[in-house]
Amino acid sequence: MIETHGYATDGPEAKFHPWTFERRDVGPKDILIEIEYAGICHSDIHAAKNEWEAMMPTTYPLVPGHEIVGRVTQVGDSVTKFKVGDIAGIGCFIDSCRECKPCKEGFQQFCVKGAAFTYAGTYMDRVTPTYGGYSDKYVIDENYALKVNDNVGDLAGVAPLMCAGITTYSPLRRFGAGPGKKVGIVGLGGLGHMGVKLAVAMGADVTVFSTSPSKEPDAKSLGAHHFVVTKDPANLEPLAGQFDIILDTVSADHDINPYIAMLGVRGTLVVIGVPPSPNSVHSFGLIFGNKSIAGSLIGGIPETQEMLDFCAEHGVKSEVEVIKPDYIETAYDRTVKSDVRYRFVIDIKNA
Ligand code: NAP
Ligand code: ZN
Ligand code: ZN
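Residues numbered from 1 in each chain as written. Chains lettered and ligands numbered in written order. Predicted model: local features only at pLDDT ≥ 70, side-chain atom pairs only at ≥ 80, totals over all residues. Heavy atoms only, no water.

1. Quick word on the sheet that holds strand β15 (residues 292-295)
Condition: Strands pair, by our definition, only if DSSP identifies at least two bridges between them. Numbering goes from the N terminus for both helices and strands, where a helix is a DSSP run of H or I of at least four residues and a strand is a run of E of at least two. In this analysis, axes come from line fits to C-alpha atoms, helices being fitted only over the stretch in contact, and the angle between any two N-to-C directions falls in the range 0 to 180 degrees. Any two residues having at least one pair of non-hydrogen atoms within 4.5 Å are treated as being in contact.
As summarised here, the arrangement of the six strands in space is β12-β11-β10-β13-β14-β15, forming an open sheet in which the pairing is parallel. Two strands lie at the open edges of the sheet, namely β12 (226-229) and β15, each paired on one side alone. Strand-to-strand twist of the sheet, defined as the mean angle between neighbouring strand axes without regard to direction, takes the value 20°. On the sheet, helix α3 (residues 164-174) packs against β10 (182-186), β13 (243-248), β14 (263-271) and β15 and is oriented at approximately 160° with respect to β13.

2. Considering the packing of helix α4 (residues 190-202) against helix α8 (residues 301-314)
As a reminder of what qualifies: In these notes the angle categories are as follows: under 35 degrees is roughly parallel, over 145 is roughly antiparallel, 65 to 115 is roughly perpendicular, and the rest is oblique. By the convention adopted, Pro, Cys, Tyr, Trp, Phe, Met, Ile, Leu, Val and Ala count as nonpolar, Lys, Arg, Asp and Glu as charged, and the other residues, Gly among them, as polar.
The geometry of α4 relative to α8 is characterised by a closest axis approach of 11 Å and an angle of 70° between their N-to-C directions. Comparing their axes, α8 and α4 come out roughly perpendicular. Residues L198, A201 and M202 of α4 pack against F310, C311 and H314 of α8. Tallied by class, the residues present in the contact of α4 with α8 amount to five nonpolar, one polar and no charged.

3. Observations regarding the coordination of the zinc ion (ligand 3)
Filter applied, for reference: Excluding water, the donors of a metal are its N, O and S neighbours within 2.8 Å, or within 3.2 Å for Na, K and Ca, and that exclusion means sites may look incomplete. Exposure classes here rest on a 1.4 Å probe applied to the protein chains alone. A residue is buried below 20% of its type maximum, exposed above 50%, and partly exposed in between.
The protein atoms that coordinate the zinc ion (ligand 3) are C97 (SG), C100 (SG), C103 (SG) and C111 (SG), at distances of 2.3 to 2.4 Å. For the zinc ion (ligand 3), the single-chain donor residues occur in sequence as C-x2-C-x2-C-x7-C. For C103, a relative accessible area of 7% corresponds to the buried category. With a relative accessible area of 7%, C111 lands in the buried category.

Have a look at this one:
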């Protein structure tokens with residue numbers, strides 16, 4: 001077994017503390033990644049605080065982290081995709097059954113047997129708990145790791161692509177973001193700022209909907225064409241019927257009906273944020289305009305690799321604030337207060 005040093009929390013109110021645990025030895029198809037950076041996704045916070053208890057209760061100790069990037073330091077005998085020294089990434093899942101229809105189609109996140117999520121889940125044996133990237137090592141089957149181009153430069157801004165990047169890339173592609181399309185991004189946080197960068201890189205006209213007026217200059221420098229403060233409903237009314245795609249990344253309870261109203265004919269509101277409570281929608285809002293509400297969960301391995309290659313080609317990375325592990329609590333508090341610009345990333349290598 002491989003001794004691994006991580007940062008765990010033992011309950012919804014508990015503080016993070018250093019914690020040592022074991023990862024499996026490197027098997028024939030496995031690679032060992034020495035983790036350099038781990039992004040802090042708001043899902044880590046929902047999980048740490050057990051905010052999704054009704055649907056997905058958290059098991060503790062919890063080592064979060066599914067935005068992982070590092071160097072390959074060991075490869076199994078049958079590994080072909082990676083060699084020692086390569087840069088590798090890990091996203092939200094680390095295995096799946098490989099045999100069901102979604103797995104075969106590249107949608108491993110929807111494996112009918114249940115994917116093995118990177119943390120707060122179990123390996124496919126359904127017994128051994130998974131611990132995430134707030135730790136110094138991960139052992140993973142090469143088919144579930146992502147290849148990161150060697151010339152991307154500093155890796156801190158690459159880590160968040162593994163969740164925030166793919167979570168916004170996938171629905172933008174699926175619903176055809178590109179030249180001539182109007183895209184709205186609700187919430188300028190970790191997901192939102194990646195959504196802006198990616199939609200801009202795809203050639204869309206991009207509007208940010210934010211509760212934080214102070215983020216307007218940042219939104220513009222990220223490439224957004226328009227910025228709308230959502231606190232005053234009067235700002236939204238003139239935009240009725242205008243958007244092809246709106247990605248809602250908001251992590252807290254809020255009304256989605258105003259965004260449905262802003263969709264044009266056959267427009268789609270894509271729900272990617274996971275607030276604790278359900279939403280209520282009036283049918284009239286949808287049927288007048290043949291509008292859709294869609295959901296989207298991260299992306300499968302092929303699309304995540306496609307996203308990384310797209311980002312390398314277009315120079316897209318996350319805007320990050322690099323922190324030490326002793327800042328995790330503060331980073332969580334600041335993220336919850338929407339004071340994240342725009343992703344906290346833990347420097348694991350120099351921890
Ligand atoms: P984040 O960095 O905290 O960003 C969320 C943003 O939502 C905030 O920056 C803020 O933007 C806005 N917001 C916060 N509270 C709000 C409120 N009460 N009303 C309206 N807007 C509010 O979080 P994140 O990491 O981007 O994650 C966002 C959500 O997506 C979380 O629920 C997370 O669990 C979920 N998620 C889903 C997937 C998926 O596959 N579907 C993947 C990853 C994460 P402004 O300041 O601009 O208003
Ligand atoms: Zn995430
Ligand atoms: Zn499967």
